[in-house]
Amino acid sequence: MEFTPRRILDNALDAVGNTPLIRLDKIAAEQGLKCNLLGKLEFVSAGGSVKDRIAKAMVLAAEKDGKLIPGKSVVIEPTSGNTGIGLAMACAIKGYSVVITMPKKMSLEKEALLRALGAQVIRTPDEEPWDSPRSHIGVACRLQREIEHGIILDQYRNVNNPLAHEYTTGPEIIASVISTPSTHTRPSSMKVDAFVAGAGTGGTITGVSRALKKTHNADCIVVGVDPIGSILAVPNSLNISGEGNSYVVEGIGYDFIPDVLSRDEADVNHWVKTCDEDAFKAVQALMRKEGLLVGGSSGSALSGALTWLKTEQGQKVAGTEGLNVVVLLPDGIRNYMSKEWFLKNAFQTEHSDLATRISGILGQEEIMPVQQANL
């Protein structure tokens, strides 16, 4: 069996990023796509998500600038969870204390992981607007004012957020595409022709877009995915229906526009709105058809990509062999295994000949998981 030797790494921060680009051929075939549908699989990063990249970048930049003082600094961050996990991992390695403020809707798994990494975790009400003193942002700001040597690295404004993706995520995607030869059975344009990603802080889509358009393919089409209830999409008319509604998917969408998100059409060419139902169906497809144990926002990204590929512009891409459409899959199911949507997906029974045969062999009318009775 062939393998590529890897050197011994100094610590877990050296295992951040460098994630694989994987063909989503079964989903593409089911959808009738002729283009190559590719998933950038971020849950294999050391901390489990795309946010590891910005956590590492922000900590290293703050150290270089003298903003973090060993043995004294307390890193405080408002987060949906994944940035907090990345920061808690980095600070565990570096020796800084960490305080994470996080809305109550975010999963118990995220809180457990944060606490396991040594972070203090404060939950805030979901219904509070971002500028409320009781929101996760407001509470973080209060703690920063009152805790000596407290510092907020601020993923919403920190330029190292999009730069981390411009310097790592984007170039990794480009390298994967151009190093994979085009063949008769697997034709390729040898370019990234379209890139699709959900937007939370917006650092990922902004940074990757700049890497793709500046250095690789100026004509690459970049599509942003925003949940119904959020206000990030452009034009603003897309956000009117359902504005302010709650949504279950975590880690994407906001009720304000983060500074690091570029809504310039030169960076993000098109936007698609998605709903929870479509996102979770897409998660199930990624699991059962592609074997990828991804989280809810990955489902949002895929459902957004499939929606865009049905538009007039998207159909031209979808119907062209060899064009490469990359979908950013931000994290894994590790963070959501207690969530109702996942348990319903996992224990949802579908009629099959095999199930009928098993029932016959065991003399039972129906095979039903024990947990299903509680769902």
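Preceding this paragraph is the structure being described.
Computed from a predicted structure; not experimentally measured.

A. Local environment of the pattern of salt bridges. Within the structure shown, the criterion is met by 19 salt bridges. For Lys289, the salt bridge goes to Glu30, with nearest N and O atoms at 3.0 Å. Of this pair, Lys289 sits in helix α8 (residues 276-290) while Glu30 sits in helix α1 (residues 25-30), placing them 259 residues apart in sequence. Between Glu63 and Lys94 there is a salt bridge, with its nearest N and O atoms 3.2 Å apart.

B. Fine view of the sheet that holds strand β4 (residues 97-103). Taking strand neighbours across the sheet as the criterion, the four strands line up as β5-β4-β3-β6 in an open arrangement whose pairing is parallel. In this open sheet, the two strands that pair with only one neighbour each are β5 (120-124) and β6 (150-152). Sheet twist, expressed as the average angle between the axes of neighbouring strands with direction ignored, equals 25°. In this sheet, β6 lies alongside strand β3 (residues 74-78) in parallel orientation, the contact comprising three bridges. Following the sheet pairing, Val75 is matched in β6 by Ile151. Across the sheet, helix α4 (residues 108-116) lies against β4 and β5, angled at about 155° from β5, the strand it touches most.

C. Seen up close, empty space enclosed by the protein. Per the stated rule, a full pass over the model turns up two cavities of 30 Å³ or more. Size it by volume and the largest cavity reaches roughly 270 Å³. Forming the boundary of the largest cavity are 25 residues, of which Val50, Lys51, Gly251, Ile252 and Pro330 lie nearest the centre. Each residue belonging to the lining of the largest cavity can be placed in one class, and the counts come to seven nonpolar, 14 polar and four charged. Its boundaries defined by the atoms lining it, the second largest cavity holds a volume of some 30 Å³. What lines the second largest cavity is Val248, Val249, Glu250, Gly296, Ser297, Tyr336 and Trp341. Of the residues in the lining of the second largest cavity, the class split is four nonpolar, two polar and one charged.

Reading the values: rules and limits
- In this numbering scheme, every chain counts its residues from 1 along its sequence in written order.
- In keeping with the model being predicted, local features are shown solely for residues with a pLDDT of at least 70 and side-chain atom pairs are shown and tallied solely at 80 or more, while totals for entire chains, interfaces and linings include all residues.
- The basis for every side-chain value is the complete set of heavy atoms in the structure, and neither hydrogens nor water enter the calculation.
- Here, a salt bridge means any side-chain nitrogen of Lys or Arg that lies within 4 Å of a carboxyl oxygen of Asp or Glu.
- A helix here means a DSSP run of H or I that spans at least four residues, while a strand means a run of E at least two residues long, and both kinds are numbered starting from the N terminus.
- The criterion for strand pairing is that DSSP finds at least two bridges linking the strands in question.
- Helix axes are fitted to C-alpha atoms over the stretch in contact, other axes to C-alpha atoms as well, and angles between N-to-C directions run from 0 to 180 degrees.
- The contact definition used throughout considers only heavy atoms, calling two residues in contact when any of these lie within 4.5 Å.
- In the cavity and pocket records, a cavity denotes points on a 1 Å grid over the protein atoms alone where a 1.4 Å probe fits but cannot get out, a pocket denotes an open set with protein on both sides within 12 Å along at least 5 of 7 lines, and lining residues are residues with an atom within 4 Å of a point.
- Grid points are joined across faces, edges and corners, and a volume is the space filled by probe spheres set on the points.
- For this classification, the nonpolar set comprises Ala, Val, Leu, Ile, Met, Phe, Trp, Tyr, Cys and Pro, the charged set comprises Asp, Glu, Lys and Arg, and every other residue, Gly included, is treated as polar.

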